[in-house]
Amino acid sequence: RVLCPMAEDFNKMAFDTRDPPIDGPSGAPQPFAPAPTQFASSKWNDVFFAIVWWAFTIAAAGLGIYAYTQAKDDVDKAIKNLADGHDVRWLFGWMAVALGISVAISFVLVLLAKVVPTFFVWACIASFILYLVGVAAWAMFYSVIYGILMLLMLVFYVVWVVGIRRRIPFATVMFSTSGKLAFKFPGIFVVALGVTVVGVFLFLCFVCMALWVSSTINSTGAQIALYIGVLFLFYWDAEVLLNVIFTTACGVCGTWYFLNTAAKNPTLGAFRRTMTYNFGSVCFGSLIVAILKLLRSLVRMLRNSILGEDGVCAFVACFFLCCIECCLSCLQSLVELFNEFAYAHVALYGKSYLRAAKETWHLFEQAGLTVLITDSILDIVLFMTNLFCGLATGGLVGLMAQSWTAAIAGGLLALFICGTVTTILNAFAVALMVAYAE
């Protein structure tokens with residue numbers, strides 16, 4: 001049950017594009033790996049959290065539509081100010097251009113991951129070193145202390161790459177197989193597109209609610225309470241929708257890994273299981289991350305409110321708030337990493353969130369070093385992929401529109417689109433590691 005750092009056996013299995021041999025008179029294809037008895041379990045898990053999420057989300061959508069009807073002028077004015085005095089059609093037009101460019105760049109990047117994975121992984125690792133050099137140089141001009149810290153981080157990263165260089169081939173195989181699966185099952189991108197449309201609609205609802213609260217509620221305490229509620233729902237909805245894509249991709253990968261061609265329409269089946277049997281588990285795990293994000297935001301706002309004040313008390317308060325925010329950030333990162341493998345267990349074996357978390361803990365105990373190193377390498381690759389797509393799209397849109405607003409909006413949209421694509425690739429890789437470890 002320990003992940004092999006050498007990828008040769010997995011490489012032979014995963015890259016074998018031939019149909020598996022026919023076993024028995026029934027003519028049913030034999031899977032690549034023995035399918036577990038619990039695979040795609042038809043059991044409803046963590047239903048309470050699913051019911052609560054649906055109730056809050058439907059209420060938020062209704063309030064968002066009502067808020068837009070009540071504060072339509074404020075919304076249009078905010079969009080006009082954001083678009084440098086242009087109308088909504090101008091902004092949406094350049095957003096459509098950015099959408100096309102980001103989709104094209106994402107397609108090329110996924111194709112490179114499939115065709116030249118080794119070059120792509122090493123190019124991203126080298127690019128991340130250059131990125132850290134640039135950040136260190138910028139930090140040195142801003143503050144010598146920050147610059148020294150970034151230089152130490154750069155040295156640590158270089159030493160880390162040298163130390164784990166023999167494990168990079170395994171991460172490369174996982175990344176390459178993810179690219180192959182993305183082309184083998186393009187339906188997962190249709191699912192991601194549908195979920196993205198829902199996410200954009202909910203985001204606009206939250207923006208309308210925030211503008212409506214600021215223009216109609218006079219009580220400061222009531223405004224703060226409503227802002228906190230809107231922010232919490234925004235974080236929870238965003239996490240749920242993103243993890244729906246992640247869990248669906250894990251289910252697609254599990255169907256391919258265990259059943260290969262035996263299952264028809266694996267994407268539709270994986271999405272159906274995610275939105276029914278496993279949706280409560282997705283909401284449960286997303287709720288934990290949303291709470292941590294909300295706490296971080298509140299601590300950050302409190303720290304910024306006293307940042308400009310003089311005196312020893314203000315300095316001590318800022319110091320402790322910085323420490324709390326740092327601890328919350330580390331805890332959030334750990335929970336997000338833990339959730340990735342828990343969602344893979346949920347999608348592959350139909351387990352509840354708590355049971356999947358227990359299995360994830362056992363996985364880390366038995367193969368934690370290889371899992372963490374592989375995941376860290378893939379995180380760097382996916383981060384640089386998103387960064388390149390965002391900068392390239394934002395730069396092209398900004399040059400064509402001759403507007404910084406269009407460049408920033410296009411870059412942010414590209415980060416969102418490419419982030420969705422890399423989420424799918426990451427889900428494939430995580431599901432492969434979990435299935436291969438089992």
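Preceding block: the structure.
Residues numbered from 1 in each chain as written. Predicted model: local features only at pLDDT ≥ 70, side-chain atom pairs only at ≥ 80, totals over all residues. Heavy atoms only, no water.

We now examine the side chain of Glu 359. Here Glu 359 shows up in helix α13 (residues 353-401). With relative accessibility at 13%, the residue Glu 359 sits in the buried group. Not counting the four nearest positions on each side in its chain, Glu 359 is found in contact with His 345 and Lys 351. (Helix = DSSP H or I, 4+ residues; strand = E, 2+ residues; numbered from the N terminus. Buried < 20%, exposed > 50% of the residue type's maximum accessible area, 1.4 Å probe, protein only. Contact = heavy atoms within 4.5 Å.)

Another point: the pattern of salt bridges. This model, assessed by the stated rule, comprises five salt bridges. The closest approach of N and O atoms between Glu 239 and Lys 293, which form a salt bridge, is 2.6 Å. Highlighted residues: Glu 239 in helix α9 (residues 220-259) and Lys 293 in helix α11 (residues 279-305), separated in sequence by 54 residues. The salt bridge involving Glu 359 is made with Arg 355; its shortest N-O contact spans 3.6 Å. In this pair, Glu 359 and Arg 355 both sit in helix α13, four residues apart, roughly one turn of the helix. (Salt bridge = Lys/Arg side-chain N within 4 Å of Asp/Glu carboxyl O.)

Formed by 112 residues in total, the largest nonpolar core has its most connected members in Phe 175, Trp 236, Phe 341, Phe 428 and Val 434. The element that contributes the greatest number of residues to this core is helix α14 (residues 404-437), accounting for 19 residues. For Val 434, the residues in contact, after removing those within four places along its chain, are Phe 341, Ala 344, His 345, Leu 348, Tyr 349 and Leu 363. Among the nonpolar cores identified, the runner-up in size contains eight residues, and Val 299, Ile 306, Leu 328 and Val 335 belong to it. (Core = buried A, V, L, I, M, F, W, Y, C linked by side-chain atoms within 4.5 Å.)

Every α-helical turn comprises 3.6 residues, leaving residues that sit three or four positions apart pointing alike. In this model helix α12 (residues 312-349) runs 55 Å from its N-terminal to its C-terminal C-alpha over 38 residues, within 8% of the 56 Å that 1.5 Å per residue would give. With its phi angle positive at about 65°, Gly 350 sits one or two positions after the end of α12. (Expected span 1.5 Å × (residues − 1).)

This part takes up the packing of aromatic side chains. Counted under the stated rule, the structure contains 27 aromatic pairs. Centre to centre, the rings of Trp 44 and Tyr 277 are 5.2 Å apart; their planes meet at 75°, and the pair counts as edge-to-face. Placement of Trp 44 in the loop between α1 (8-14) and α2 (47-70) and of Tyr 277 in the loop between α10 (266-275) and α11 is noted, with a sequence separation of 233 residues between them. What makes Tyr 277 buried here is its relative accessible area of 16%. Arranged with centres 6.0 Å apart and planes meeting at 55°, the rings of Phe 203 and Phe 234 form a pair that is tilted. (Phe/Tyr/Trp six-rings, centres within 6.5 Å; stacked < 30°, edge-to-face > 60°.)

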